[in-house]
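# Architecture and fold: a report
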Amino acid sequence: MKVVQCLFLLAIFYLSHTQLIKGQTYSACPSSCGNVTIEFPFGTSKNCHLPGNARFLLTCYPNNTLFTGDFEVVSISHGGELRVMAKGSRMCYDSQGKFTNGNQYTYMLGDFTLSQHNKFTVVGCNSYGFLNTSGVEKYSSGCISICDSRPSKEKKTCSGEGCCQIPVPRGSSFVQFKPYSFDNHTSVHSFNPCSYAFLVENDKFDFHALDDLWNLRNVTKFPMVLDWSIGKKTCEQVESGPVCGANSTCFNSTRGTGYNCKCFQGFEGNPYLPASCRDINECTTHRHNCSNSSTCENTVGGFLCNCKSGYRKDSPNTCTLKERPTYPGWTRIFLGTTIGFL
């Protein structure tokens, strides 16, 4: 009897563990922190995130800011992207070229990696910056920003004059960067006392030469994208199967390790939960492109455009008015004569 009880308890433990691995979460788990939505596999307590993966444990502070390590989290996507605010680096000098203040940063990203949707950026006259990363592979690069005088007009392109940018490699878990100056800003100190270096999401930094060369508009944090995935194996390598729920599919992460999940086309929800991906009713949510001469009919994973009476379909989503039959002139005369005799 004791053996049976032990086996029963083991079975219960296995099933509960499997359900949690498959994405089971508790309704008591916080679903947001401030304006940021929190969804499984992420969570703010050990019972709310994917077990065995500390990277998915986030911290919600009393002021309603969400953090992972030193990074403030601003959004999380099911597709494997984590948007954070990251500090930049600066080196400042006085008019004699003496260093006054500054910092450099080393990011130890752990199980997260730097996304290719970022750019390494350097702002400053006669400045340059180096970026060193390691992860999938070691990488070192940099860029140079040149200008000898105050800009005569506002410049808004980061193309090497006062500002330069370069792409970053994927899969980097160690990131280090620092700005430098060729002459410690002695020749440009009156309008540009510092060199700046930072990582920023593509198209999220607009260079304003007159303001940015002076103090970078007092900005100290920049939006940056990190990549995340489940585990270190591909969809095909996971022995027990991916954690993806119903009506979803597994795809290998572009960062080079692990996998992510996404709902089937025509479905929406959290693909990491057992039954969260639900059919979208394109008709009632106005997500269809049926013409005014047709009516929308929802289907599982899609929709149909049905032509109204008197119309015919000439494409999947449009209908045109049916042409009325026409008769040659002699036919009309013949018909009229026949009717007259009758």
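Each value, and the rule that gives it
For every chain, the first residue of the written sequence is number 1, and numbering continues from 1 onward in sequence order. Local features in this predicted model are restricted to residues whose pLDDT is 70 or higher, and side-chain atom pairs enter the listing and the counts only when it is 80 or higher, whereas totals over whole chains, interfaces and linings include all residues. Computation of side-chain values: all heavy atoms of the structure, hydrogens and water removed. UniProt positions are given in the numbering used here, feature names are shortened, and annotations may be inferred rather than shown by experiment. Runs of H or I in DSSP of at least four residues are treated as helices and runs of E of at least two as strands, each being numbered from the N terminus. Between buried and exposed lies partly exposed: a residue is buried under 20% and exposed over 50% of the maximum accessible area for its type, with that area taken using a 1.4 Å probe on protein chains only. Working rule for contacts: check all heavy atoms of both residues, and any pair within 4.5 Å makes them a contact. Per-residue accessibility takes into account occlusion by the displayed protein chains alone, with areas from the Shrake-Rupley method and a 1.4 Å probe. Note: two strands are recorded as paired if DSSP finds a minimum of 2 bridges between them. Whenever a helix is involved, its axis is fitted only over the stretch in contact; in every case the axis is a line through C-alpha atoms, and angles between N-to-C directions fall within 0 to 180 degrees. Confidence scores here are pLDDT values: one per residue, from the predictor, ranging 0 to 100. Centres within 6.5 Å make a pair out of two Phe, Tyr or Trp rings, where for Trp the six-membered ring is used; the pair is then stacked when the planes are under 30 degrees apart, edge-to-face when over 60, and tilted otherwise. Geometrically, a charge over a ring is one whose NZ (Lys) or CZ (Arg) sits within 6 Å of the ring centre while staying within 35 degrees of the ring normal. Counted as salt bridges are all cases of a side-chain nitrogen of Lys or Arg within 4 Å of a carboxyl oxygen of Asp or Glu. The criterion for a disulfide is a pair of cysteine sulfur atoms lying within 2.5 Å.

- For the protein chain, the name recorded in an unreviewed UniProt entry is Wall-associated receptor kinase 2, with Noccaea caerulescens as its organism.
- Its UniProt record gives the protein chain the following Subcellular location (unreviewed entry) comment, quoted word for word: "Membrane".

## With respect to the overall build of the protein chain
- Along the backbone of the protein chain there are 3 helices and 25 strands.
- Per-residue burial for the protein chain yields a buried fraction of 37% across its 342 residues.
- Partitioning the intrachain contacts of the protein chain with sequence separation of at least 6 by distance along the chain shows that 56% fall at a separation of at least 24.
- For the protein chain, the computed accessible surface area is about 19300 Å², with 55% contributed by carbon and sulfur atoms.

## Here we look at the UniProt feature "domain: EGF-like" (unreviewed entry) in the protein chain
- Per the UniProt record, "domain: EGF-like" (unreviewed entry) is found at residues 279–317.
- With 0% helix and 46% strand, the stretch residues 279–317 has end C-alpha atoms that lie 20 Å from each other.

## Comments concerning the sheet that holds strand β11 (residues 118–123)
- One open sheet accounts for 5 strands, arranged β8-β7-β16-β11-β14; its pairing is antiparallel. Edge positions in the sheet fall to β8 (99–103) and β14 (163–167), since each of these pairs with one other strand and no more. Shown here is a sheet whose adjacent strand axes are inclined to one another by a mean of 10°, direction ignored.
- Note: β11 against strand β16 (residues 194–201), 6 bridges, orientation antiparallel. Pairing of Thr121 across the sheet is with Phe198, part of β16.

## Here's the deal with the confidence of the model for the protein chain
- Residues at a pLDDT of 70 or more form 87% of the protein chain, whose mean pLDDT is 86.
- Ignoring residues within four places in sequence, the model shows residues 1–26, a span with pLDDT below 50, making 24 contacts including any to other chains.
- The low-confidence segment residues 334–342 (pLDDT under 50) makes 0 contacts with residues lying over four places distant or belonging to another chain.

## As for the packing of aromatic side chains
- In total, this model carries 17 aromatic pairs according to the counting rule given.
- Consider the rings of Phe71 and Tyr107, whose centres lie 5.1 Å apart with planes at 75°: the pair is edge-to-face. On the criterion of sequence distance, the pair formed by Phe71 in strand β5 (residues 71–76) and Tyr107 in strand β9 (residues 105–108) is long-range, its members being 36 residues apart.
- Residue Phe71 is classed as buried on the basis of its relative accessible area, which comes to 10%.
- When its relative accessible area of 6% is taken as the criterion, Tyr107 is described as buried.
- Their ring planes at 35° and their centres at 4.7 Å tell us that Tyr128 and Phe182 sit as a pair that is tilted. Of this pair, Tyr128 sits in strand β12 (residues 127–135) while Phe182 is found in the loop between β15 (172–181) and β16, placing the two residues 54 residues apart along the sequence.
- These aromatic residues form a ring-pair network of at least three members: Phe71, Tyr105, Tyr107, Phe120 and Phe177.
- In this structure, Lys262 packs its charged tip against the face of Phe251, placed 5.5 Å from the ring centre.

## What to know about the pattern of salt bridges
- A complete count under the given rule lists 6 salt bridges for this structure.
- The shortest N-O distance in the salt bridge between Arg55 and Asp111 comes to 3.8 Å. Here Asp111 lies in the loop between β9 and β10 (113–114) and Arg55 lies in the loop between β2 (36–37) and β3 (59–60), a separation of 56 residues in the sequence.
- We note a salt bridge from Lys232 to Asp111, for which the minimum N-O separation is 3.8 Å. You can see Lys232 sitting in the loop between β17 (221–227) and β18 (248–252) and its partner Asp111 sitting in the loop between β9 and β10, a full 121 residues away along the chain.
- Where salt bridges share partners, they join Arg55, Asp111 and Lys232 into one cluster.

## Thoughts on the pairing of β17
- Most of β17 sits out of view: 5 of its 7 residues are buried.
- As paired elements, β10 and β17 share 2 bridges and run antiparallel to each other. The residue of β17 that forms the bridge with Thr113 is Asp227.

## Structural notes on the state of the cysteines
- Taken as a whole and assessed by the stated rule, the structure comprises 12 disulfides.
- A sulfur-sulfur separation of 2.0 Å characterises the disulfide bridge that pairs Cys29 with Cys48. Its S-S torsion of about -90° marks the bond between Cys29 and Cys48 as left-handed, since a negative value means left-handed. Of the two residues, Cys29 is situated in the loop between α1 (2–21) and β1 (32–33) and Cys48 in the loop between β2 and β3; the sequence distance between them amounts to 19 residues. Like Cys48, Cys29 is buried.
- Disulfide pairing places Cys290 opposite Cys305 at an S-S distance of 2.0 Å. One disulfide, between Cys290 and Cys305, carries an S-S torsion of -85° and so falls in the left-handed class.

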